[in-house]
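Residue strings, one per chain:
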Amino acid sequence: MARIFYSLALMIISPLIVFYLYVLRGKKNPGYRAHFKQRFGFVDKSLFANNNKPLLVHCASVGEVLAATPLIKAVQKAHPKLNILITCNTPTGREQIITQFKNTVACCYLPMDFPFATARFLKRVKPQALCILETELWPNLMASSRNRNIPVLVLNARLSEKSQQGYQKVAKLTHIIMRSITVLASHNKTDAKRFIELGLEPHKSKVTGSIKFDITPTQEQLTKVTALKQLYNLEQRFIWVAGSTHPIEHEQVISAHKNLLEKQPNALLIIAPRHPEQFDKVADLLTQSTLSFSRRSNNNYNNENVLLADTLGELQYLYGAANVSFIGGSLIRRGGHNPLESAAFSVGVISGVHTYNFDHIYPELIKLKGAIVVDNADELTQQLIALNQNSKACQTLGKKAAQCVANNQGAIQKTLNIINQYLEPKP
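Scoring rules and cut-offs
Residues numbered from 1 in each chain as written. Predicted model: local features only at pLDDT ≥ 70, side-chain atom pairs only at ≥ 80, totals over all residues. Heavy atoms only, no water. UniProt positions renumbered as here; feature names shortened; annotations may be inferred. Pairing = 2+ DSSP bridges. Helix = DSSP H or I, 4+ residues; strand = E, 2+ residues; numbered from the N terminus. Axes fitted to C-alpha atoms, helices over the stretch in contact; angles between N-to-C directions. Contact = heavy atoms within 4.5 Å. Patch = residues over 30% accessible without salt bridge, like charges linked within 9 Å, V, L, I, M, F, W, Y side chains within 5 Å. Areas by Shrake-Rupley, 256 points an atom, 1.4 Å probe, with all protein chains shown as cover. Salt bridge = Lys/Arg side-chain N within 4 Å of Asp/Glu carboxyl O. Buried < 20%, exposed > 50% of the residue type's maximum accessible area, 1.4 Å probe, protein only. Arc of directions from axis to C-beta. Disulfide = S-S within 2.5 Å. Right-handed = clockwise from strand over helix to strand, strands pointing away. Polar contact = N/O pair within 3.5 Å; in protein donor to acceptor, adjacent residues only side chain to side chain.

The protein chain is annotated in an unreviewed UniProt entry as 3-deoxy-D-manno-octulosonic acid transferase from Pseudoalteromonas nigrifaciens. Its UniProt record gives the protein chain the following Pathway (unreviewed entry) comment, quoted word for word: "Bacterial outer membrane biogenesis; LPS core biosynthesis."

Written out as structure tokens, the structure is:
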């Protein structure tokens, strides 16, 4: 009954959902209007070679795609003939899938969670198993998969106390979700306990750690980082990256850099807004400021005060080319973003206090002194000035961050072992 009411509610607000995605989001980013029929389950069967049933992996957006990339590549290496379909919700996620995997996987949008859309999608795709990254738990998709005997694997699962409280408010619907899960691989025992308290059967829970720690820069990545360091003259100046920033944070970061320039006139800020629709807005803020800037997309940097990183798929390289990074979404109540892309390149982290989305990462990172937490823009300025004046402390921060990454690796192999149990035997 709960699922019926949920589906009816979705149907009632469906015009608003379509208007929001196609009109409002589509106006800001035309990518939302492309492939729109896929959002109703209309997937071209030609996506799959020889009509082989694919492994379906869902990654909500860019962050999940980047986190899942090493895992998916491990699956490809272990099963070179396996068809893989990666779904996402956003155009930027789709672009990242194409960037990371080229034509070695199929990709499309996950349909909206209307019962007819998910049924159509699953009928056409016929996946061997459904792998869901983190907490993209859609009741109709999961229940329909269970009814079709499609294993539902929730991987790299995390659940904050706040999210648990939200699920408890819709307990009957949450019970349907938990009942639909075949196996859940969580970050730690605390996450596992929260899922079990929501109704997940204990024997379905496995603790594997976070796959986000399993980052090892490739030689190709290191070569690109070296080129960026030379381009922006890291040896002769202090460079900091403000990654995945949001409105209000943009202004705080720009203000901090102005103050830093008073102490270090040749310091460089590389600011990378979280969402592409913010690129032009940040450009406007920089134009209104006294700072000179150029855009990374124009590739015409000429020693300006600020580089606006308005490209996709480069943030991890830009982190690697810096002395220190600030991870956005943390000076405001957005829960923070992934600090490990910076830490993997031995670049230390500065963060605001709002990191609840990554409470499986930050406590360890802070404990090992690979991250510094600040309360506001003034404290951010103070830390930047201190790290600029003490290069040894800045390097130590980066080394400690990299050590945190190394200490927590191994989740990918554990997760791969789980996936292997639910793949169909080779003919």
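After that view of the structure, there is still more to cover.
With that out of the way, let us pick up the sheet that holds strand β2 (residues 84–88). Read across the open sheet, the 7 strands follow the order β3-β2-β1-β4-β5-β6-β7; overall the sheet is parallel. In this open sheet, the two strands that pair with only one neighbour each are β3 (106–109) and β7 (205–207). For this sheet, the mean inter-axis angle between neighbouring strands, taken without regard to orientation, is 20 degrees. Two elements, strand β6 (residues 183–186) and β7, share 3 bridges in a ladder whose sense is parallel. Its bridge partner being in β7, Leu184 is matched across the sheet by Ser205. Against the sheet, helix α3 (residues 91–101) touches β2 and β3, its axis set at about 180 degrees to β3.

Attention now goes to a nonpolar patch on the surface. On the surface, Phe19, Tyr20, Tyr22, Val23 and Leu24 cluster together into a nonpolar patch covering about 440 Å² of accessible area. Position of Leu24 relative to the elements: it lies in helix α1 (residues 2–28).

In spatial order, the strands read β10-β11-β9-β8-β12-β13-β14; together these 7 strands make up an open sheet with parallel pairing. Unpaired on one side and paired on the other, β10 (293–295) and β14 (371–373) mark the two borders of the sheet. The mean angle between the axes of side-by-side strands here comes to 20 degrees, regardless of whether they run parallel or antiparallel. The pairing of strand β8 (residues 239–245) with strand β12 (residues 324–327) spans 4 bridges and is parallel. Looking across to β12, one finds that Gly243 is bridged to Ile327. The sheet strands contacting helix α15 (residues 377–389) are β8, β12, β13 (348–351) and β14, and the helix crosses β13 at an angle near 160 degrees.

On to the pattern of salt bridges, then. Taken as a whole, this structure holds 10 salt bridges when the rule is applied. For Glu314, the salt bridge identified is with Lys224, shortest N-O distance 3.5 Å. Placement of Glu314 in the loop between β11 (306–308) and α12 (315–320) and of Lys224 in helix α9 (residues 219–231) is noted, with a sequence separation of 90 residues between them. According to the relative accessible area criterion, Glu314 is buried, its value standing at 11%. Using a relative accessible area of 32% as the deciding quantity, one classes Lys224 as partly exposed. Shared partners join several salt bridges into a network, and the residues in it are Glu134, Arg158 and Lys212.

The next subject is helix α11 (residues 279–288). Taken residue by residue, α11 has Phe279, Val282, Ala283 and Leu286 as its buried positions. Buried residues in α11, looked at end-on, bunch into an arc of 105 degrees, giving them a common side. Turned more than 90 degrees off the buried face of α11, the exposed positions are Thr287 and Gln288.

This part is about the pairing of strand β4 (residues 129–133). With 5 of 5 residues buried, β4 lies mostly within the body of the structure. Residues of β4 alternate between two faces, with Ala129, Cys131 and Leu133 on one and Leu130 and Ile132 on the opposite face, all of them buried. Of the pairings in the sheet, the one linking strand β1 (residues 55–58) to β4 comprises 4 bridges and is parallel in character. Each bridged residue has a counterpart across the sheet, and for His58 the counterpart in β4 is Ile132. Strand direction decides the pairing type here: β4 and strand β5 (residues 152–157), joined by 4 bridges, are parallel. Across the sheet, Leu130 pairs through a bridge with Val152, a residue of β5.

Here we come to the state of the cysteines. Taken as a whole and judged by the stated rule, the model has 0 disulfides. Looking at Cys59, it has no disulfide partner, and the nearest cysteine sulfur is the one in Cys88, 8.1 Å off. Residue classification places Cys59 among the buried residues on the basis of a relative accessible area of 0%. Note on Cys131: no disulfide assigned, nearest cysteine sulfur contributed by Cys59 at a separation of 9.4 Å. With relative accessibility at 1%, the residue Cys131 sits in the buried group.

Right, let's get into the pairing of β8. Taking burial as the measure, the 7 residues of β8 include 7 buried ones, the bulk of the element. As defined by bridge partners, β8 adjoins strand β9 (residues 268–273) across 6 bridges and the pair is classed as parallel. Bridge assignment links Thr245 to a residue of β9, and that residue is Pro273. Crossover β8 to β9 through helix α10 (residues 249–263) is right-handed.

For the rest of this paragraph, the subject is the side chain of Ser186. Along the chain, the position of Ser186 falls in strand β6. Under the relative-accessibility criterion, Ser186 is labelled buried at 0%. Within the structure, Ser186 has its side chain in polar contact with the backbone oxygen of Asn188 (distance 3.2 Å). Contact partners of Ser186, with chain neighbours within four places excluded, come to Ala157, Asp191, Ala192, Lys206, Val207, Thr208 and Gly209.

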